[in-house]
2 protein chains.
Amino acid sequence: MAKAKKKKLVYFFSGGKSEGKASMKEILGGKGANLAEMCSLGLPVPAGFTLTTEVCDLYYKLGRKYPADLAPQIDANIKKLEKDTGKTFGHGDNPLLVSVRSGAAVSMPGMMDTVLNLGLNDKTLPALIKLTGNERFAWDSYRRFMQMFGDVVLGMEHHDFEMALTKVKKARKAKDDTDLDADGLKAVVEEYKKVYKKARKSFPQDARKQLDQACDAVFSSWNNPRAIKYRQINEIRGLLGTAVNVQAMVYGNMGDTSGTGVAFTRNPSTGENKFYGEYLMNAQGEDVVAGIRTPNPIAQLAKVDRKSYKQLMAIRSKLEKHYKDVQDIEFTIEQGKLFMLQTRAGKRTAAAAVKCAIDMMKEGLITEKQAVLRVDPKALDQLLHPTFIPAAEKKAAAIAKGLPASPGAATGQVYFSAEAAELQAEMGKNVILVRIETSPEDIGGMNVAKGILTSRGGMTSHAAVVARGMGTCCVAGCGDCQINYKTKSFKAGGKTVKEGDWISLNGSLGTIYLGQVATEDPKLTGAFGTIMTLADKYRKMGVRTNADTPHDTAVAVKFGAEGIGLTRTEHMFFEGKRIISMRKMILAEDEAGRKKALKELLPLQRKDFVGIFKALKGLPATIRFLDPPLHEFVPHDAKGQAEMAKAMKVSPSQIKKKVESLHEFNPMLGHRGCRLGIYYPEITEMQARAVVEAAYAVPGSNAEIMIPLVGHVRELANQKQIVLDVIAQVKKEKKGKKAPKIKIGTMIEVPRGALTADEVAVEAEFFSFGTNDLTQMGCGFSRDDAGTFLGQYVEEGIYDADPFQVLDRSGVGQLVEIAVKKGRKTRPNIKLGICGEHGGDPSSVEFCHMVGLNYVSCSPYRVPIARLAAAQAAIKGPKGVLTKTGKKKK
Amino acid sequence: MAKAKKKKLVYFFSGGKSEGKASMKEILGGKGANLAEMCSLGLPVPAGFTLTTEVCDLYYKLGRKYPADLAPQIDANIKKLEKDTGKTFGHGDNPLLVSVRSGAAVSMPGMMDTVLNLGLNDKTLPALIKLTGNERFAWDSYRRFMQMFGDVVLGMEHHDFEMALTKVKKARKAKDDTDLDADGLKAVVEEYKKVYKKARKSFPQDARKQLDQACDAVFSSWNNPRAIKYRQINEIRGLLGTAVNVQAMVYGNMGDTSGTGVAFTRNPSTGENKFYGEYLMNAQGEDVVAGIRTPNPIAQLAKVDRKSYKQLMAIRSKLEKHYKDVQDIEFTIEQGKLFMLQTRAGKRTAAAAVKCAIDMMKEGLITEKQAVLRVDPKALDQLLHPTFIPAAEKKAAAIAKGLPASPGAATGQVYFSAEAAELQAEMGKNVILVRIETSPEDIGGMNVAKGILTSRGGMTSHAAVVARGMGTCCVAGCGDCQINYKTKSFKAGGKTVKEGDWISLNGSLGTIYLGQVATEDPKLTGAFGTIMTLADKYRKMGVRTNADTPHDTAVAVKFGAEGIGLTRTEHMFFEGKRIISMRKMILAEDEAGRKKALKELLPLQRKDFVGIFKALKGLPATIRFLDPPLHEFVPHDAKGQAEMAKAMKVSPSQIKKKVESLHEFNPMLGHRGCRLGIYYPEITEMQARAVVEAAYAVPGSNAEIMIPLVGHVRELANQKQIVLDVIAQVKKEKKGKKAPKIKIGTMIEVPRGALTADEVAVEAEFFSFGTNDLTQMGCGFSRDDAGTFLGQYVEEGIYDADPFQVLDRSGVGQLVEIAVKKGRKTRPNIKLGICGEHGGDPSSVEFCHMVGLNYVSCSPYRVPIARLAAAQAAIKGPKGVLTKTGKKKK
């Protein structure tokens, strides 16, 4: 431990004498670093010192022991503190009392331990009485300290202290704690001493020992279960540990000229540039939060203590100018004197974040680039969907919680089948579609529903993906809901919800409420528009959308999409009568039969593309040819098969046989994508003709035909030839007419396709990375099944995040990187994009920027998120080194 | 086509004047190159010239036209030939007659067209009569030419010529063709002219035109359907086309001093160093093959034509010395003068190949390395299994044909369930297990069966893989067999085979015979041993085996395995009562319940490992922990579930529910491999304990614990810690005893694992490439489903070969290469092997050598194949460039 001995482990802070600063968060923790910074700024901060996070790290590395050099450093700092305050620690006429607080680099409010009033003992108590002339206050401080020390440091039962307090209160007929006078509190201290004795714990009278034990407790609390859990949930990783701040006590409860408060330099809810906060006179910090007394709005402080209020306003301004951000502060007034106890960046709503960023930019506090970086792209989601009116939601009765699969809020009547949903929606009802899980056959019902609830499936289940694409609120995989199709009802939280009953869904949180909850529409304020304009100014990547209908396309274009990155043509085959033609094709015995059925689909498909081309007004549209295995188009239940048999005029057993013949053990790796087009060239022919004829019909159209699931360049070559033949043929038929722009490319979604991208690029004019499938095959995770264990994987830190939500840079990312390099090597001007779900995830968008993609594509409602994320990636600077697994993120 | 004009398109050959040579096969074809070579060697070869394969290539590239420069080159060569032979083409007293034969670089016997006697016309016929003094011969030659020309060149109906011939024969009361005299044959020519007239075809009298048209026909025949099919089946790719050999005719049918024959320089069946062949006097080549007359053994020629025989013997010796290989020759004797018409490397049986190689090495003809390269590793399979006695098989009645899934021959009585098979085998019967498809539950029955027949599944189906592992003969996926479990019978080829009936299987060909066919055991002759010793001398890679039982292990060690590369522990859980404990574990509600069930399995599993360690005598054993998803261990049918419920003492509905909860959409990418061990650490604990305790029990054991399906280093770290804990614990329990060698490593079978191999190698002491799964995920092919389209893929050349049989170098191979490089970078001494099915495929073994693996592992019966393939790869020289897709293999 030779190295550790030389290390500076304790940092002192006091007016003008701080050893630390704000940028040293990593080793001083957020609280400690900002206390030091405020001292340097000349703000009134009670002096103190910080034990670094490295002490915490060493504490665990040495098996819950400290480096030998720590104690002397603490001793030296206590001396400094004594000198600075003119007080003495643990003895003397003017005793030094301190608080001991945790503080990691990332805020973990309430997760770790705190001890106040440390330094009180049987000797310093009389001195405190003498000094303050307030016997009651002194005894109250002492009994609070004893209780806190026993509870927090020694692990004694909180309940035992409560019992002792109640005993005294009863004896003295005191109703509240405040009814006890100094004598009464003295009696409490005596009772507390008994509690210690009974528990065979000793309360140390030596202040230095008190401090050591308190530090122990705080460092230990770094790894208490709730702190560990908190870090897991909030994906906080790579920290050394917590720092410990030892700071001279100041008291807001020393009478009517004392007080305490918390405030934001601007309104954290709306972003309004107005001081915002609350205070209580004659109170301690916890009283403001506890809610026993109602705190007053901060503006009223001006009347009560004008001097302190003016001082606070000056500090507010100083802090904002210094930190160039909204600050969340804590202060205490001790007998008319103001002390700052904390400052940190203020948490805010998305709306506030946008407004503050733009306002501060206009005020000249921050630059345009800083303004763009100031808003969390993910948070924008809040601004793009209807939401519940907060007051209404607070009152609503939550009955279950599922996955927040597609954001927004929805209120409607429950229906359990797509047909019922469509019927009721036609009759003007607001429908919530409730299914155990959804399948492509449910598209119609999903399309008309205000919200979707499923009891099975994860964040990337069919319901979730489709709902996000539609911008429809969805709560998925809510295992608490027991859905019974037969009785048309579901049970959750002890309630039974029947067909037609009202429920409300919060798709951003996953909450399900009974009854109606009032919603409000998104307000796209001016600031929102400004931030988007700035984002567009700085981003280098294009942003497209995944859209299958003219309506979705129009929505996305409104949100700023610069084209379509993915049109899934298969969705088009489920609508209305199309599914019948599709099934005819599947059932056909030969090519002639298939061609006949495909002929029925041709004009419908062409109409789809005409609609999309028109909505795009010349923007490019990447159209993916048929991708899913054919079994997804046929019914798997007896009833559905009987209906299909009737419609097809064949026997149900024939249908059953066909459906069985289409069964695959691993359909994900089965007969789908371009493998279908190679097996049935007539399907590719039909789709190509629909695209080409539509392109002729809409002048200025800009079509990009995308062949899916290519793993080998020869697959693409095969399909490309078919498309080229159709293009040539239609050209002949349309002779004289100007030939439309049509590119042919492929989806890179099979690892082999990525690895051989140099070969694939010989045929492909563009690549679009299908990172959903690339993740499935690259990691070997079936999206439909991985739910069983992927949660545990993320919880245990085996994966940093669900790779279907956040692109797995070090694994799947390598495939993307390889394909980018090899693709460009063969064809320098190849257009590269991404159309997986990741296209709307900010971290993944950053990755796409780093590897040099030309554009990302995401569902319409995520387009603004992608625009902002792309801008942030560009501003953050040149292409960095991609994150490697194992290395800790800071 | 400027370039083409300058090209030499025609090569002349004649004694001492050949323009070509044997090494020019690629452009002269095999026949042409060897004719030129024989000329240069001074052997008597009728002179001629060869139109190169490049002409064929240009012919197709120019749209079935020839480069302008071809005709003058042909003219020049005809002149040379006229000069050389002293004959004139198409006119004159001594007319030059030629044969026109195809000949590609790779032999495609009978696939393309041939025209003989070209140059005959109404003018040259009288000259031929005069010259030979044999009117009948001349007319016979003419009518044969007319028929062949009409049939081959002009596409006329063969049948029409037959009818004309029959008409004349009837009129002249001739029974056979030979009964017709010159007059009769003259009449036939007249009739043939009528046939031409009727078909509105003209027979060209101009010899030069005859030649052009014949060349056309031969070049065209390169792409006739049967030639295309032949190349597909035999995986012949990358050839330019066929050459055309125009050669002066010689006649074996000019009387009793003429004759023709074919011979091998050594016995192609046994390898015996003895001239081996057949001849017929007064006959043409086709007569020897046609089988109308029985040819005589070559030795008899010594009596008939001593001079020619002696000359042949000298040529035999000269050719072997020159080519240093067994030659397959064709010769003709024209009126006592010997002519050589062909020589090529002789096809031989595996036994002959081995014997010839070793003999020639001993004779000093070839080096050791050449001897090793001389034997096709795949062919060794023939030598390692019992085979049918050829005569017996010839007589047997084939009723169906399936896939040759596991080589060898088997005769036995048919049983339709694993239970019945086991029962009957115990009673001493030879059992053939017949199933629609097999599952792990059938292991017991498969283990005792002499042969296995399934009607469903491909070359890598469960039945095929397991049977190859066991070395049991297996015919899989025989769709012709309609198996009915209810009636305990199957139908095939119009026959019904009932339980207990005898059938015989040829697993090397896929044939199924009714009744018993006599078999013989493999004879591992001395030459076989010698070639294996030589292989071991030259190979650089180790060869291990995939084995799950002490018996298989012992077999493999006998075949030269240097350890186990893969023990699949899951197979061990199906035997006898184990499946009950396994199911108890699966059904358990909590960890305690699972641990209880696992405790029952521990001693059994430990015993397995003790047996394997003992069989290995200190050789290393890679033991893979539980890999398949749990649903594979539970019954999916109602009957099985009822039985399980009874055994478990729970309700059948509970079982059904559990089985349903285990269902996965894509089990291949589901909850399996290390994901199980992470979810249920107690399984890993039990397996680790079984290995470690067994290792203590067998001194000198050498265990390598392999964690499957690792995609992320943290998965391995998690499982490794469990194993290390168990090792430490057992060490404590066994204190004093010497700790056994135990390594911990992983299978690289998930693309992500390969891509992040540098990280995985931090934890792994070895990698074993699971190329089956790596292919599934890398190419996105489900092994169980890809049968639908993979056949078409290979047929259409999208993949060069089934990637599950031959490792896909340019795709999956890249993953292996990346992992090798990255793994060694982190841990230079990391041990690298392969344990997928590819470990026994010669091409894949070569690849493994090229990327620098330490060993390959394959099923016991493929160990000798892998040894030889590894040696060949090492001899072929330094690491070459890996094959790239798109580049043509030569």
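Given the structure is predicted, the values throughout are model-derived calculations rather than measurements. (Residues numbered from 1 in each chain as written. Chains lettered and ligands numbered in written order. Predicted model: local features only at pLDDT ≥ 70, side-chain atom pairs only at ≥ 80, totals over all residues. Heavy atoms only, no water.)

J.: Hey, could you run me through the interface of chain B and chain A in this one?
T.: Listed as interface residues are 52 residues of chain B and, on the opposing side, 53 residues of chain A. Buried area between chain B and chain A, both sides added, is near 4700 Å², and the carbon and sulfur share of it is 51%. When residues of chain B are sorted by the area they lose upon contact with chain A, Leu669(B), Arg714(B) and Arg752(B) head the list and together hold 14% of the total. At the junction of chain B and chain A, the tally comes to four salt bridges. Among the ionic pairs, Arg714(A) bridges to Asp800(B), the shortest N-O distance being 3.1 Å. When contributions to the side of chain B that touches chain A are tallied by element, the ones reaching two or more residues are helix H27 (674-679), helix H29 (713-733), helix H30 (751-755), helix H31 (757-763), helix H32 (771-779), helix H33 (787-795) and helix H34 (812-826) of chain B. The class makeup of the residues in the side of chain B that touches chain A is 20 nonpolar, 18 polar and 14 charged. (Contact = heavy atoms within 4.5 Å. Buried area = accessible area lost by both parts, 1.4 Å probe. Salt bridge = Lys/Arg side-chain N within 4 Å of Asp/Glu carboxyl O. Helix = DSSP H or I, 4+ residues; strand = E, 2+ residues; numbered from the N terminus. Nonpolar A, V, L, I, M, F, W, Y, C, P; charged D, E, K, R; others polar.)

J.: Explanation requested: the sheet that holds strand E18 (residues 451-454) of chain B in the structure shown.
T.: What links the strands of a sheet is backbone hydrogen bonding, and the strands pair in either a parallel or an antiparallel sense. Residues and elements named next belong to chain B. With respect to topology, eight strands assemble into an open sheet ordered E14-E24-E23-E16-E17-E18-E19-E15, the strand pairing being mixed. Sheet topology places strand E14 (397-401) and strand E15 (403-406) at the edges, where each strand pairs with a single neighbour. For this sheet the average axis-to-axis angle between neighbouring strands, irrespective of direction, equals 30°. The pairing of strand E16 (residues 409-415) with strand E23 (residues 502-506) spans five bridges and is classified as antiparallel. Bridging from a neighbouring strand, Thr-411 pairs with Ser-504 of E23. Across the face of the sheet, helix H18 (residues 418-426) comes into contact with E16 and strand E17 (431-435) while running at roughly 175° to E17. (Pairing = 2+ DSSP bridges. Axes fitted to C-alpha atoms, helices over the stretch in contact; angles between N-to-C directions.)

J.: Where do I start with the layout of surface pockets in this structure?
T.: One way to see where empty space is left: roll a probe the size of a water molecule over the atoms. Residue and element names in this part refer to chain B. If you add up the space inside the second largest pocket, you get close to 880 Å³. Lining the second largest pocket are 34 residues, and of these Thr-349, Ala-351, Gln-382, Leu-383 and Thr-387 sit closest to its centre. Elements supplying a minimum of two residues to the lining of the second largest pocket: helix H14 (350-362), helix H16 (381-384), strand E13 (387-388), helix H17 (390-395) and helix H21 (526-538). For the lining of the second largest pocket, the element with the most residues is H14, which contributes seven residues. Here the residues of the lining of the second largest pocket sort into 15 nonpolar, eleven polar and eight charged. (1 Å grid on protein atoms, 1.4 Å probe; cavity = no way out; pocket = protein on both sides within 12 Å on 5 of 7 lines; lining within 4 Å. Points joined across faces, edges and corners; volume = space filled by probe spheres on them.)

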